[in-house]
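Spelled out from the first residue to the last, the chains are:
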Amino acid sequence: MKTLTVSVVTPDGPVLEDSFEMVSCKAESGELGILPGHIPLVAPLSISVVRLKRENGTEKLAVNGGFMEVRPDKVTILAQSAEKPSDINVQRAKEAKERAERRLQSKQDSIDFQRAELALKRAMNRINVGQ
Amino acid sequence: MKSLASLRDIKGRMDSTKKTKQITAAMEMVSASKMSKAEQNAKSYVPYSEKIQEVVASIAANNTDVSHPMLSKREVKKTGYLIVTADKGLVGAYNSSILRHLQRTIQEKHQSSDEYTVIAVGRKGYDFCQKRDIPVSKSMIGLADQPKFADIKELASETVQMFIDEEIDELIIFYNHYVSAISQQVTTKNLLPITDIETNGSGSQYEYEPDQQQILEVLLPQYAESLIFGALLDGKASEHAASMTAMRSATDNAEDLIGELELSYNRQRQAAITQEITEIIGGVAALE
């Protein structure tokens, strides 16, 4: 089976580089599945899970603030943060989620509201991947 | 003048200088290890910055009709200066060269303080601006020695937001570029608007999902934030290097001083002994 080289890079350094059979992720415009031989593509990713599939299983990454660059044999995911399930502190994410929810309820001006919303998304994404 | 000091005084000074030397030598080693770590961080940031630059460049190169406020110059009513300094001293000329550069630039380019604002990273820069009534719109004190992107994300995105909201019309960053462990260079970078995107002509044609305009919307702020992060990492490496150099020369100076003190200590001790012998011999001669 053909494979893709996937590398995930963040400002804090490379997170992962390996070959996989398929990448599925959520772009801002909807779910995307990338197989080897895909046409070159650039797409921003939403705060979501990236699933990397290979023969013997799937790896998950919680991605925030990223976009992907696709070439026929290579996928590069650039993100402000990308975490493996083992790096995620679920307890902390839950606390962050509660904090964000509280902030959302106490209606403030729109910038804080947006921020809290993003924080909530990030926390839920982490919990989702971490569990 | 030295002969006035008693043996005990000299001994005291020698002891205290030795202790100072121990401290500075330890600080030098701490800075050296922090520096190599910071160098590592700066290196691991490179793949990200290269890639994001490549993608931004390829979009900008292939689509001349794409426009975005962050790409286009506008009339400058207010300039934002982002200065990267340390929280503490003991780093040689690291802080002062940046601050001198800032002051000179302000004097040359601006008539009134309405025309500029400073975003200060580091306590030294913040205090400097406070003392001289330079307007500071944002500041960050207590940045970690090995900053993570998450630590500076807020500052970076707020700064970029200032540009988008037209609070500032250009953003210039001053930091010490890390050339090597013994050389750091004050560097000025025009960060926003983004004008100098190198197109290395890799010429990759991409499909864009959903479209270029929206991708730029997402990508450019991220690109600008990553540039700020890169400058901070570079500045941190320089800070540790400068601190290492400063501490090394302090250690060397202490060593010289100890040598001199030792010499005059021995000389005085010898003089005292000689005097005592002379007195004894004199006493003996008087008895005979």
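Bear in mind the structure is a predicted one, so any value in this text is a computation, not a measurement. (Residues numbered from 1 in each chain as written. Chains lettered and ligands numbered in written order. Predicted model: local features only at pLDDT ≥ 70, side-chain atom pairs only at ≥ 80, totals over all residues. Heavy atoms only, no water.)

Looking only at helices and strands, one finds five helices and six strands in chain B. Going residue by residue from the N terminus, the α and β elements of chain B occur as α-β-α-β-α-β-α-β-β-β-α. If one aligns the C-alpha atoms of chain B with their principal axes, the spans along those axes are about 115 × 40 × 25 Å. A buried classification covers 41% of the 288 residues belonging to chain B. Considering only contacts within chain B whose residues lie at least 6 apart along the sequence, 77% involve residues at least 24 apart. When the accessible surface of chain B is summed, it comes to about 15,200 Å², and 51% of that surface belongs to carbon and sulfur atoms. Each charge sign in chain B was given a centre, from 31 positive and 40 negative side chains, and these centres are 8 Å apart. (Helix = DSSP H or I, 4+ residues; strand = E, 2+ residues; numbered from the N terminus. Buried < 20%, exposed > 50% of the residue type's maximum accessible area, 1.4 Å probe, protein only. Contact = heavy atoms within 4.5 Å. Areas by Shrake-Rupley, 256 points an atom, 1.4 Å probe, with all protein chains shown as cover. Lys, Arg positive; Asp, Glu negative; His and termini not counted. Charge placed at Lys NZ, Arg CZ, Asp CG, Glu CD.)

The next thing to look at is the sheet that holds strand 2 (residues 116–121) of chain B. Residue and element names in this part refer to chain B. Ordered in space as 3-2-1-4-5, the five strands form an open sheet in which the pairing is mixed. Each having just a single partner strand, strand 3 (136–140) and strand 5 (183–192) make up the two edges of the open sheet. Within the sheet, the average angular offset between the axes of one strand and its neighbour, ignoring direction, is 20°. Pairing geometry for strand 1 (residues 79–84) and strand 4 (residues 170–180), over five bridges, is parallel. (Pairing = 2+ DSSP bridges. Axes fitted to C-alpha atoms, helices over the stretch in contact; angles between N-to-C directions.)

What follows deals with the packing of aromatic side chains. All names here are of chain B. With the rule as written, the count across this model stands at three aromatic pairs over all chains. Between F149 and F229, the aromatic rings sit 5.2 Å apart at their centres with planes inclined by 90°, giving edge-to-face as the arrangement. A residue pair is termed long-range when its members are at least 10 positions apart, and F149 in helix 4 (residues 149–164) and F229 in helix 5 (residues 212–287) qualify at 80 residues. Like F229, F149 is buried. Three or more aromatic residues link up through ring pairs in this structure, and these residues are Y45, F149 and F229. Across from the ring centre of Y265, 5.7 Å away, lies the NZ or CZ of K11, which sits over that ring. If you follow R74 out to its NZ or CZ, it ends over the ring of F163, 4.3 Å from the centre. (Phe/Tyr/Trp six-rings, centres within 6.5 Å; stacked < 30°, edge-to-face > 60°. Lys NZ or Arg CZ within 6 Å of the ring centre and 35° of its normal.)

Our next topic: the interface of chain B and chain A. Contacts between the two partners involve 27 residues from chain B and, on the opposite side, 25 residues from chain A. Connecting chain B to chain A are two salt bridges. Across the pair R71 of chain A and E54 of chain B runs a salt bridge, and its minimum N-O distance is 2.7 Å. There are five residue pairs in polar contact (both at pLDDT 80 or more) connecting chain B and chain A. Breaking the side of chain B that touches chain A down by element, the ones donating at least two residues are helix 1 (7–62), helix 4, strand 6 (207–208) and helix 5 of chain B. For the side of chain B that touches chain A, the element with the most residues is helix 1 of chain B, which contributes eight residues. Tallied by class, the residues present in the side of chain B that touches chain A amount to 14 nonpolar, four polar and nine charged. Pairing of strand 5 (residues 41–45) of chain A with strand 6 of chain B, which is carried by two bridges, proceeds in the parallel orientation. Bridged to L41 of chain A within strand 6 of chain B is E207 of chain B. (Salt bridge = Lys/Arg side-chain N within 4 Å of Asp/Glu carboxyl O. Polar contact = N/O pair within 3.5 Å; in protein donor to acceptor, adjacent residues only side chain to side chain. Nonpolar A, V, L, I, M, F, W, Y, C, P; charged D, E, K, R; others polar.)

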